[in-house]
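# Examining the three-dimensional arrangement
One-letter residues, chain by chain:
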Amino acid sequence: NLIPTGMARYDHIDKSRSPKNRILFAPSWRKYLTQEINSSKWELVEGRLKNSDYFKNFSSFLENPRLHALLEREDMYLDLKLHPIIAGAKGLFDIKSPRIKLAGAHGDVEDYKVFITDFSSFVFDFAYLSRPVIYFVPDYGQFKAGMNHYRELDLPFEEAFGPLTLDPDEAVAELEKVAG
């Protein structure tokens, strides 16, 4: 027997709650930057990560002076939420802005004005909240080549909830459009 429940995750999202001056940046992990320990456990390979377009472009985004200026000008904060599989990489990012913080394991999506991701299921929460979404895929060539788990998404970027950006400067430019 099945009980139709709809999307129970939305039962706990308060659409009437006003966001704080925060941006959530939640990149997903990459299979090609890890090694499989067993069928459900993956381990980050630090050398692969540090030499990857994925890491270099995400780092460039986080270190971008235009991003830092935007956060200062708009009195905003950016929370970086790493996927648990790559959470060990947090010490590898050289974040100089006091307005960029690592997000804890739990947080309320309602607190955020804008969401940035490559492809994360959080995107549906932000669509539900009618809040801006920016897709930033720092390793689009590797993604399209199938080096991760897949090379296409069920919801193609072209039909998704916001603009697709492929480099750090584009991502900052899109954020400048919606953050003010």
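Anyway, here's the lowdown on the structure attached to this text. (Residues numbered from 1 in each chain as written. Predicted model: local features only at pLDDT ≥ 70, side-chain atom pairs only at ≥ 80, totals over all residues. Heavy atoms only, no water.)

The next subject is the overall build of the protein chain. A count of helical and extended segments in the protein chain gives six helices and eight strands. Going from the N terminus to the C terminus, the protein chain shows its helices and strands as β-β-β-α-α-α-β-β-β-α-β-α-β-α. Within the protein chain, the proportion of its 180 residues that are buried is 41%. Across the protein chain, contacts joining residues at least 24 apart in sequence account for 67% of those joining residues at least 6 apart. (Helix = DSSP H or I, 4+ residues; strand = E, 2+ residues; numbered from the N terminus. Buried < 20%, exposed > 50% of the residue type's maximum accessible area, 1.4 Å probe, protein only. Contact = heavy atoms within 4.5 Å.)

For the rest of this paragraph, the subject is the packing of aromatic side chains. For any pair of aromatic rings, geometry is given as the distance between the ring centres together with the angle between the planes. For the structure shown, the criterion picks out ten aromatic pairs. Ring centres 4.9 Å apart and planes at 75° place the aromatic pair Tyr-54 and Phe-58 in the edge-to-face group. Of this pair, Tyr-54 and Phe-58 both sit in helix H2 (residues 53-62), four residues apart, roughly one helical turn. Across this residue pair, the class does not change: Tyr-54 and Phe-58 are buried. When the centroid spacing of 5.5 Å and the interplanar angle of 55° are considered together, the rings of Phe-61 and Phe-136 count as tilted. Taken as a pair, Phe-61 in helix H2 and Phe-136 in strand E7 (residues 133-136) lie far apart in primary sequence, 75 residues in all. With relative accessibility at 0%, the residue Phe-61 sits in the buried group. Owing to a relative accessible area of 0%, Phe-136 belongs among the buried residues under this scheme. Linked through ring pairs, Phe-25, Tyr-54, Phe-58, Phe-61 and Phe-136 together constitute an aromatic cluster. Geometry around Tyr-128 places Lys-15 over its ring, the cationic atom sitting 4.7 Å from the centre. Just above the ring of Tyr-77 sits the side chain of Arg-99; from NZ or CZ to the centre is 4.7 Å. (Phe/Tyr/Trp six-rings, centres within 6.5 Å; stacked < 30°, edge-to-face > 60°. Lys NZ or Arg CZ within 6 Å of the ring centre and 35° of its normal.)

For the rest of this paragraph, the subject is the environment of Ser-120. Here Ser-120 shows up in the loop between strand E6 (114-117) and helix H4 (122-128). Residue Ser-120 is classed as buried on the basis of its relative accessible area, which comes to 16%. In the structure, Ser-120 is positioned 37 residues away from His-83 in sequence and 9.4 Å away in space, judged by C-alpha atoms. Beyond its immediate sequence surroundings of up to four residues, Ser-120 is in contact with Ala-26 and Phe-115.

At a minimum axis separation of 10 Å, helix H3 (residues 65-73) and helix H6 (residues 168-179) run at an interaxial angle of 15°. Relative to H6, H3 is oriented roughly parallel. Classified by chirality, the crossing of H6 by H3 is left-handed. Along the contact surface, H3 presents Arg-66, Leu-67, Leu-70 and Arg-73, while H6 presents Asp-169, Val-172, Ala-173, Leu-175, Glu-176 and Ala-179. Taken together, the residues of the contact of H3 with H6 sort by class into six nonpolar, no polar and four charged. (Axes fitted to C-alpha atoms, helices over the stretch in contact; angles between N-to-C directions. Parallel < 35°, antiparallel > 145°, perpendicular 65-115°, else oblique. Left-handed = near helix turned anticlockwise from the far one by under 90°. Nonpolar A, V, L, I, M, F, W, Y, C, P; charged D, E, K, R; others polar.)

This paragraph deals with the sheet that holds strand E5 (residues 100-102). Pairing in this open sheet of six strands is parallel, and the strands run E5-E4-E1-E6-E7-E8 from one edge to the other. Two strands lie at the open edges of the sheet, namely E5 and strand E8 (164-165), each paired on one side alone. Strand direction decides the pairing type here: E7 and E8, joined by two bridges, are parallel. Paired with Phe-136 across the strands is Thr-165, a residue of E8. Against the sheet, H6 contacts strand E1 (22-25), E6, E7 and E8, and its axis sits at roughly 175° relative to E7. (Pairing = 2+ DSSP bridges.)

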